[in-house]
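Structural overview
The lines below spell out each chain.
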Amino acid sequence: MNEKIRELARETRISKGSLVYPLFVEEGTGIRKEIKAMPGQLRYSPDTLPYALEDIAKAGVKNVMIFGIPKEKDECGSGAYCEHGIAQEALRAAKKAVPELYYIGDVCMCEYTSHGHCGIIKGDSVDNDKTLPLLAKTAVSQAAAGADMVAPSDMMDGRVAAIREALDEAGYIDTPIMSYAAKYASAFYGPFREAAGSDNFKGNRKTYQMDWHNRREAMKEVFGDLSEGADIVMVKPALAYLDIIREVRDHVNVPVAAYSVSGEYAMIKAAAAAGMIDELSIVAETATAIYRAGADIMITYYAKEIAAMIDEGRIG
Ligand code: PBG
């Protein structure tokens, strides 16, 4: 009886429809390459991607986010906004093979620039305003390739407005923008750098990502992005930022997404591999905490496992 009333009276519920699975796609064919810093996660090429997508759909996960990794990088990240860039090719292949999934394109320059920054460089710093038209072009080219939504992760000021205007002009008036609004300059992105091929990056992103001592600044970023037309706002990372998720949830009327990033995934994997914790119990508890903090949407490398636990009635 106790079990039944606990389920009836539960305060936090998680649904499979709110999960987003991030995927990395590189140029080439026949690729299924393990990402060492993220055990269990692979890099695909556009031809192998559909198999992964079928698996994801079978698990009941409905949304994926695509990160492209180009072969060639250059100063101005031209692979990001090229019609036949890797993200665009991946999106086209994915939409054709598994059209029932919802596709979110990551919009950023860091995977495409030779210096690894999220924008164009002038002297030793990122030139915010010169980067905006390139981000807008990237978003439009992804929408043209089939992205259902775009998610700018660069943190340049004014990019949501620039992207909204460019999408509207190109006729993509129904393509929503999920902005990485409160994105902190975090060490939790460490494993992602290998996944996204920017592990030779020597600098830091502190001039455009947020200082993790700050909470009020998160609201300033969120309100700024909303006034520029963001449809969904994101907090990133998730687990060490539950207070920020709650703060944002309490102050906005749009959906709030939380990105449980590569370092959060890698820490659980490593501790589980060392026999120190029970992996799925930790995943269940941390995922629930992120929703309890106020997330409506969770982006997570554990999306399939969480979906399975929802099916089993273990969470949700
Ligand atoms: C930047 C970007 C990063 C992540 C997503 N988009 C890395 C960064 O800002 O340095 C991190 C995601 C993760 O760690 O899982 N384009």
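Summarised in this report is the structure supplied together with it. Computed from a predicted model, the values in this text were never measured in an experiment.

1. Details of the site of the ligand
The environment of the ligand is made up of 16 residues, and the closest members are Lys183, Arg193, Lys236, Ser262 and Tyr301. One of the side-chain nitrogen or oxygen atoms of arginine 193 is found 2.4 Å away from an oxygen atom of the ligand. Note that an oxygen atom of the ligand is positioned 2.8 Å from one of the side-chain N or O atoms of arginine 205. Isolated, the ligand exposes 400 Å² of accessible area, and the fraction of that covered by the protein chains is 100%. Across the shell around the ligand, the residue classes tally to 8 nonpolar, 3 polar and 5 charged.

2. Thoughts on the nonpolar core
As a rule of thumb, nonpolar side chains are buried together in soluble globular proteins. With 108 residues, the main nonpolar core has Met65 and Met178 as its most contacted residues. Setting aside residues no more than four positions away along its own chain, methionine 65 makes contact with Val20, Tyr21, Pro22, Leu23, Ile104, Ala151, Met178, Tyr180, Tyr259 and Ile299.

3. With respect to the pattern of salt bridges
Taken as a whole, this structure holds 17 salt bridges when the rule is applied. Of the charged contacts, one joins arginine 92 and glutamate 89 as a salt bridge, the two residues approaching to 3.3 Å between their closest N and O atoms. One end of the pair, arginine 92, and the other, glutamate 89, are both in helix H3 (residues 86–97), 3 residues apart, so they sit about a helical turn from each other. The partner of glutamate 247 in a salt bridge is arginine 215, with the nearest N and O atoms 3.7 Å apart. With glutamate 247 in helix H8 (residues 242–251) and arginine 215 in the loop between helix H6 (190–195) and helix H7 (216–228), this pair connects stretches of sequence that are 32 residues apart. With a relative accessible area of 42%, arginine 215 lands in the partly exposed category. By sharing partners, the salt bridges in this structure join Glu26, Lys33 and Arg43 into a single network.

Basis of the calculations
Residues numbered from 1 in each chain as written. Predicted model: local features only at pLDDT ≥ 70, side-chain atom pairs only at ≥ 80, totals over all residues. Heavy atoms only, no water. Near = heavy atom within 4 Å. Polar contact = N/O pair within 3.5 Å; in protein donor to acceptor, adjacent residues only side chain to side chain. Areas by Shrake-Rupley, 256 points an atom, 1.4 Å probe, with all protein chains shown as cover. Nonpolar A, V, L, I, M, F, W, Y, C, P; charged D, E, K, R; others polar. Core = buried A, V, L, I, M, F, W, Y, C linked by side-chain atoms within 4.5 Å. Buried < 20%, exposed > 50% of the residue type's maximum accessible area, 1.4 Å probe, protein only. Contact = heavy atoms within 4.5 Å. Salt bridge = Lys/Arg side-chain N within 4 Å of Asp/Glu carboxyl O. Helix = DSSP H or I, 4+ residues; strand = E, 2+ residues; numbered from the N terminus.

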